[in-house]
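Okay, here's what each chain looks like letter by letter:
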Amino acid sequence: QVQLVESGGGLVQAGGSLRLSCEASGRTSLWYRTAWFRQAPENEREFVASISGSGSVTFYADSVKGRFTISRDSAKSTVYLQMNSLKPEDTAVYYCAVKPQGYTNYAYWGQGTQVTVSS
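Owing to the predicted nature of the structure, the values given are computational and were not obtained by experimental measurement.

K.L.:
So what about the nonpolar core? Which residues, and what values?
P.N.:
In this structure, L4, W36, V48, F68, L81, M83 and Y94 are the most contacted members of the largest nonpolar core, which totals 27 residues. Those elements giving two or more residues to this core turn out to be β3 (18-24), β5 (46-51), β7 (68-73), β8 (78-83), β9 (92-99) and β11 (113-118). For L4, the contacting residues outside a window of four places in its chain are C22, E23, A24, C96, A97, V98, Y108, W109, G110 and Q111.

This is how it looks when you write it as structure tokens:
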């Protein structure tokens with residue numbers, strides 16, 4: 001039905017930048033709100049950012065506001081997370097998720113991509 005694949009993770013020095021990508025299969029998935037979550041070792045999963053199907057409405061966690069930017073390219077069926085001014089505390093596995101039309105929760109999840117920030 002809906003398949004999500006994340007990419008773009010890696011190792012970066014503090015203060016550097018990375019851009020994560022989330023490619024979704026199925027045209028209908030592009031209509032839905034898409035979000036990024038992250039989970040660090042021994043920590044709970046936390047919300048990072050989300051974007052509406054149109055790309056016009058976005059939300060950010062306070063911890064990343066001003067540093068991260070979420071966007072979408074419908075033609076490429078892809079949602080991006082541009083991460084600037086990275087900090088060691090940003091180190092985590094980052095997951096992409098979508099909330100289908102008529103659903104209350106984020107029902108579909110990718111496998112995750114590792115982001116490691118060194119200092």
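K.L.:
How would you explain the side chain of E6 if you had to name every residue and give the values?
P.N.:
Assignment of secondary structure puts E6 in strand β1 (residues 4-7). Here E6 sits buried without a salt bridge, and the closest side chain of opposite charge, R45, lies 10 Å off (N-O distance). From its side chain, E6 meets the backbone nitrogen of Q111 in a polar contact 3.0 Å long. Among the polar contacts made by the side chain of E6, one reaches the main-chain amide nitrogen of G112 at a distance of 2.9 Å. In this structure, E6 is in contact with S21, C22, W36, Y94, Y95, C96, G110, Q111, G112 and T113, ignoring residues within four places of it in sequence.

K.L.:
I'd like to hear about the pairing of β3, residue by residue, with values.
P.N.:
Of all seven residues in β3, five are buried, a share of seventy percent or more. Relative to β3, β1 is paired through four bridges, and the arrangement is antiparallel. What sits directly across from E6, in β3, is C22. The pairing of β3 with β8 spans six bridges and is antiparallel. For S21, the partnering residue across the bridge sits in β8 and is Y80.

Scoring rules and cut-offs
Residues numbered from 1 in each chain as written. Predicted model: local features only at pLDDT ≥ 70, side-chain atom pairs only at ≥ 80, totals over all residues. Heavy atoms only, no water. Core = buried A, V, L, I, M, F, W, Y, C linked by side-chain atoms within 4.5 Å. Buried < 20%, exposed > 50% of the residue type's maximum accessible area, 1.4 Å probe, protein only. Helix = DSSP H or I, 4+ residues; strand = E, 2+ residues; numbered from the N terminus. Contact = heavy atoms within 4.5 Å. Lys, Arg positive; Asp, Glu negative; His and termini not counted. Salt bridge = Lys/Arg side-chain N within 4 Å of Asp/Glu carboxyl O. Polar contact = N/O pair within 3.5 Å; in protein donor to acceptor, adjacent residues only side chain to side chain. Pairing = 2+ DSSP bridges.

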